[in-house]
Amino acid sequence: MKVIICEDAAQVGAVAGAKVAQVCRRVGPGVAIGVATGSSPLETYADLAARVADGRLDLSRAYAFALDEYVGLPQGHPESYAEVVRRTVTEPLKMDPARVHAPNGFAPDLAIAGAKYEGLIKAAGGIDIQILGVGSNGHIGFNEPMSSLASRTHKVRLTPRTRADNARFFEGVDQVPEYALTQGLGTILDAQEAIMVVQGKGKAEAVAAFIEGPVSARMPASVLQLHKDVTIVLDEDAASLLEFTDYYRHTYNCRESMAQFEEN
Ligand code: F6R
């Protein structure tokens, strides 16, 4: 994994935006972008939105696939991930809503909905770049600790910790759904490239464990160690418990990486 340590959250977003834009240029108009919700990628989306606004990037024919969706919210609920993606990705990035998808957590049969979602991703030619955040317990998508490392899009029960972490988006933890439909770890591993953005001390333990610890279902994000092309972009706080920081700073310097992403 390429680990880029940046000064602050704004720089994390700028580096990740540059990387995603690079992949978009390389793949062309039909690029398929995997999008995470939550707080972590907001600066990345803001960076991409600025590129779209001033004409450096055109995503009007691009595809987007959300990682996950809650189960149990009414359709159109402002915190459903379909709505969050519309507000934070589709509209600011001027994407075609018909090409933006989320797992259908509202479907009566979630197994069928999961299989359909896998089919949609396949029909778009697979995901070219997957944008990820990480949960404080090491989840990616909503693949909680002890999920299968080979799973496909499936229904999960959210842990009390994840529900507590996400309570800030609702009126209280009781309002956070108990279940979700998420891309599996196997689905995420199929993306051509992945970029994870992480900010803040609250994620430092998970970051140290999944980057430098063993590959284990205990720490779902550690499965990314098995992916051929993953970039992890961290702010100083998120990187604060890593051991090999000298190596990362020397090998994947933040400013040099950004310049390189902008070049080609
Ligand atoms: C969101 C998702 C989650 C989040 C993670 C971090 O679609 O799949 O894995 O990326 O929970 O959330 P934030 O960024 O809000 O801390």
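The structure we're discussing is the one just above.
Because the structure is predicted, anything quoted here is derived from the model rather than measured. (Residues numbered from 1 in each chain as written. Predicted model: local features only at pLDDT ≥ 70, side-chain atom pairs only at ≥ 80, totals over all residues. Heavy atoms only, no water.)

**Here we look at the packing of aromatic side chains**
This is how it is decided: Two aromatic rings from Phe, Tyr or Trp, using only the six-membered ring of Trp, form a pair when their centres are within 6.5 Å; if the ring planes differ by under 30 degrees the pair is stacked, by over 60 it is edge-to-face, and anything between is tilted. Helix numbers and strand numbers start at the N terminus; a helix is a DSSP run of H or I with at least 4 residues, a strand a run of E with at least 2.
For the structure on display, the rule yields 7 aromatic pairs. Pairing Tyr81 with Phe142 gives two aromatic rings, centres 5.9 Å apart and planes at 20 degrees, and the pair type is stacked. Of this pair, Tyr81 sits in helix H3 (residues 81-90) while Phe142 sits in the loop between strand E6 (129-132) and strand E7 (154-157), placing them 61 residues apart in sequence. Relative to Tyr248, the ring of Tyr247 has its centre 5.8 Å away and its plane inclined at 70 degrees; by these criteria the two rings are edge-to-face.

**Focus on the site of the ligand**
As a reminder, the rule being used: One heavy atom suffices: a residue is near a molecule or strand as soon as one of its heavy atoms comes within 4 Å of it. We call two N or O atoms a polar contact when they sit within 3.5 Å, provided that within protein one can donate a hydrogen and the other can accept it, with sequence-adjacent residues counted only if both atoms are side-chain atoms. For the area figures, the Shrake-Rupley method with a 1.4 Å probe applies, and any residue is considered shielded solely by the protein chains shown. Lining residues are defined by having an atom within 4 Å of a point belonging to a cavity or pocket. Those points lie on a 1 Å grid over the protein atoms alone, cavities being sets where a 1.4 Å probe fits but cannot get out and pockets being open sets with protein on both sides within 12 Å along at least five of seven lines. For this analysis, a molecule is said to be in a pocket or cavity if more than half of its atoms are within 2 Å of the grid points defining it. Here the term charged refers only to Asp, Glu, Lys and Arg, the term nonpolar to Ala, Val, Leu, Ile, Met, Phe, Trp, Tyr, Cys and Pro, and the term polar to all other amino acids, Gly among them.
Taken together, 15 residues are adjacent to the ligand, and Thr37, Ser40, Asp68, His139 and Gly141 come closest. Here an oxygen atom of the ligand sits 2.8 Å away from a polar atom, N or O, in the side chain of Arg168. Between the ligand and the protein, one listed contact pairs an oxygen atom with a side-chain N or O atom of Lys203 at 2.7 Å. Summarising the interface, the protein chains cover 93% of the accessible area of the ligand, which totals 410 Å² for the free molecule. When each cavity is represented as a set of grid points, the ligand is found to reside in the largest pocket. The residue inventory of the shell around the ligand, partitioned by class, reads 4 nonpolar, 8 polar and 3 charged.

Interpretation note: all reported values are geometric properties and have no functional meaning in isolation.
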